[in-house]
Amino acid sequence: MADDLLKFVSIEQRMPAKRAAAERLKDFEEVYAEFDTKGAKEQASRCSQCGVPFCHIHCPLGNNIPDWLRLTAEDRLEDAYEMAASTNNMPEICGRICPQDRLCEGNCVIEKDFDSVTIGSVEKYIADTAWENGWIKPITPPRELEQSIGIIGAGPAGLAAAEELRKQGYQVHVYDRHDRAGGLLIYGIPGFKLEKDVVGRRTGRLEQSGITFHLDFEVGREAELGELREKHDALLIATGVYRARGLKVPGVGMKNIREALDYLIASNRKGLGDTVPEFESGALDAKGKNVVVIGGGDTAMDCVRTAVRQGARSVKCVYRRDRENMPGSVREVLNAEEEGVEFVWLAGPEAFVGTDKVEGVRAYKMRLGAPDATGRQTPEPVPGSSFTLDCDLAVLALGFEPEDLPALFGAPELRVTRWGTVTVDHSTMMTNLPGVFAAGDIVRGASLVVWAIRDGRDAASAIHSFLQQEAVQAA
Ligand code: FAD
Ligand code: SF4
Ligand code: SF4
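Remember, it's a predicted structure, so these values are computed and weren't measured experimentally.

A. Molecular detail of the site of ligand 1. Around ligand 1 lies a shell of 34 residues, among which Ile97, Asp176, Lys193, Val219 and Tyr242 are the nearest. In the model, an oxygen atom of ligand 1 is placed 3.3 Å from a nitrogen or oxygen of the Pro156 main chain. Here an oxygen atom of ligand 1 and a backbone polar atom of Leu448 are 3.3 Å apart. Expressed as a share of its isolated accessible area of 1,000 Å², the protein-covered part of ligand 1 is 97%. Elements with a contribution of two residues or more to the shell around ligand 1: α8 (156-168), α14 (298-309) and α18 (449-474). Its residues assigned to classes, the shell around ligand 1 shows 18 nonpolar, 10 polar and six charged. Looking at the shell around ligand 1, you find at least three residues from each of domain 2 (148-241 + 402-474) and domain 3 (247-398).

So this is what it looks like as C-alpha cells:
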C-alpha cells in the first residue's frame, strides 16, 4: 500500500469550509467552498482502499472511488479526472448535490469509529480542477456516423445520453421546451446547492461537441412524437416528471398558494438575469412575507431556503412526520435550520384561511400510528389540536407525477404504467414503440440526478446496440 493512503487514523474527516449562515443569506451562491489542494489530498489519503469497496457498490454510477481517491492522494489529478469521468458525465455536479450520506459516503466502511471519507467533496474538487486547467475538451468522435438520434429533454438523463452517443459519432439532436438546457439542474435546483455556471459549462461543451440543441421546442406543441420518429433513427424520451401533487383542503384555490416548481423556477430565472413578471409583481417573491412551505422532501428544503434568502419575514416548514422520518436530506435540514427556517414537525394542513388570498394556514397536530405495508408509521391527526400559522405565501411541495405523455405527445400508442411513467423493457430501455427509448425520472418517477445520469448512459448504450443491429439487418 502506498504511503499516501490509510491516513484515517491520523487525519480527521474534514469538509471544505462552509460559509456562515448570516453570510450565505445575502446571496444565492454555494454554501460550501472548494478544498484546497492540500485539503483534497489529505482527505483522499484517508481511504483504506477496501478490497470490497462498499462506496463503489452504493454509487449508482459504480464510480471507481478508491482508484480516483488514490490518484488524488498521489497528486495525479489529471488521471484522477479521467478515471472519474469514465463513469460519470457530470462529476462536479454529483459531487455537489448527490445525497452522499445515503449513497457512497453513507456506505464507506473505512473502519469502525472513524468518519467516512468525504468522497463527494473530493469528486467535486477533481472535476473543478480539471475545468480550471482546461483538461475538459469538446468531444471529437473518431468518425462521423450518418444516423441521427433525437433526445426529448435536456435534463441530466438526456444530456448524459447525448454525450455518450456523440462520443460514438452519432448526429445528436436535443429538444427541450425551456429556453436553456439543463432541466431541473438549471431551473429546479437553487444556486446555493448548484451554481448555474457549473451547469452552463457542461451544456456549452456539449454544444461545442456538435450536439444540436432545439430549445423552446415543446414536443406535443412544435411536433408530435410521430414526426420526430420519422426524422430520427432512434428517439429517447427523457422528459422528467412535472405535474405537482395537489392538496385537497378547504381554501386551496386561493391566491398566494403556489406550487414549488413555479416558485423555484421564478427564483432561478431571476438569478440568471431574466425578467420574471410574477417575481417583479411580488406574487412569487417572499420578501417581507410570512411563508409556509408544506412538505418534507428536498424540494421543500429548497423552497424554504430560497424564501429566507429572498428576505421573508418568517419561514415555516410544515411536515406531517417527525425529523427522523422526513425524506429530505439531514444535511439540508441542518442548513435550513442554521439559516433561520422553523420546522413544524408532526403537523398537517387542515385549511387555508383568508378571503380571496391566504392569510393563514390552519393545521392540526399529527402522531405516528401503526406501520403501513412498507413498515413506515402512518401519521394520523390528533383530534382537537388545530392551530393557525400566519401566512402570506403558501408553497406546496408535495412531490411530482408524470404528465399524460401519450396525450401530450399525440401518441396514444405509447404505453405507460398506471402511475403515468413510461413503460420500458428494463434490459433494453426500449418502450413498446420500436426505436423509442426512455430514461430518467419519466421512467423511475421523481428520483435523483445520479440515477438520471446512470439511466442516460444505459439508454445510450442500448440505442447504440439497437442501431448496430438495424445496420446488420439492413446489410
Ligand atoms: P429533468 O431534469 O426534469 O429534465 C427533463 C427535461 O425535459 C426538462 O428540461 C424539461 O423542460 C424537458 N421536457 C419536459 N417535457 C418536454 C416536452 N414535451 N418537450 C420538450 N422538452 C420537455 N436530485 C439530486 O440528486 N440532488 C438534489 O439535490 C436534488 N434536488 C432537487 C430539487 C428540486 C427542487 C427538484 C424538483 C428535484 C431535485 N432533485 C435532486 C431531483 C433531480 O433534479 C431529478 O431527479 C433529475 O433532474 C431528473 O433528471 P431527468 O433528466 O430525468 O429530468
Ligand atoms: Fe457519491 Fe454521487 Fe459521486 Fe457516486 S456520483 S461517488 S454517489 S457523490
Ligand atoms: Fe475508501 Fe471508504 Fe471506499 Fe473503503 S469504503 S474504499 S475506505 S472510500
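B. The site of ligand 3, seen in detail. As a structural note, the neighbourhood of ligand 3 is formed by Cys47, Ser48, Cys50, Pro53, Cys55, Pro66, Leu69, Cys108, Val109, Ile110, Val117 and Ile119. In the shell around ligand 3, the residues fall into 11 nonpolar, one polar and no charged.

C. Looking closely at α8. Here α8 is 13 residues long and its end C-alpha atoms lie 19 Å apart, about the 18 Å a rise of 1.5 Å per residue gives. Most of α8 is tucked away, with 11 of its 13 residues classed as buried. All of the buried residues along α8 are Pro156, Ala157, Gly158, Leu159, Ala160, Ala161, Ala162, Glu163, Glu164, Leu165 and Arg166. Phi turns positive, to about 105°, at Gly169, one or two residues after α8.

D. Examining the pattern of salt bridges more closely. Applying the stated criterion across every chain yields a total of 42 salt bridges. Salt bridges linked by common partners bring Lys18, Arg24, Arg305, Arg309, Arg331, Glu332, Glu338 and Glu339 together as one network.

E. Fine view of the domain arrangement of the chain. The domain architecture assigned to the chain consists of domain 1 (7-132), domain 2 (148-241 + 402-474) and domain 3 (247-398). Spacing between the C-alpha centres of domain 1 and domain 2 amounts to 29 Å. In this assembly, 23 residues from domain 1 lie in contact with 24 residues from domain 2. At the junction of domain 1 with domain 2, the criterion picks out two salt bridges. With a shortest N-O distance of 2.7 Å, Arg202 and Glu92 are connected by a salt bridge. Remark: the boundary between domain 1 and domain 2 carries 13 residue pairs in polar contact (both at pLDDT 80 or more). Of all elements in the fold, only α6 (91-97) and α7 (119-132) reach the threshold of two or more residues within the side of domain 1 that touches domain 2. Per-element tally for the side of domain 1 that touches domain 2: the top contributor is α6, with six residues. Here the side of domain 1 that touches domain 2 is composed, by residue class, of 14 nonpolar, four polar and five charged.

Here is what the cut-offs are and how they apply
- Residues numbered from 1 in each chain as written.
- Chains lettered and ligands numbered in written order.
- Predicted model: local features only at pLDDT ≥ 70, side-chain atom pairs only at ≥ 80, totals over all residues.
- Heavy atoms only, no water.
- Near = heavy atom within 4 Å.
- Polar contact = N/O pair within 3.5 Å; in protein donor to acceptor, adjacent residues only side chain to side chain.
- Areas by Shrake-Rupley, 256 points an atom, 1.4 Å probe, with all protein chains shown as cover.
- Helix = DSSP H or I, 4+ residues; strand = E, 2+ residues; numbered from the N terminus.
- Nonpolar A, V, L, I, M, F, W, Y, C, P; charged D, E, K, R; others polar.
- Domains from an automatic or database assignment.
- Expected span 1.5 Å × (residues − 1).
- Buried < 20%, exposed > 50% of the residue type's maximum accessible area, 1.4 Å probe, protein only.
- Salt bridge = Lys/Arg side-chain N within 4 Å of Asp/Glu carboxyl O.
- Contact = heavy atoms within 4.5 Å.

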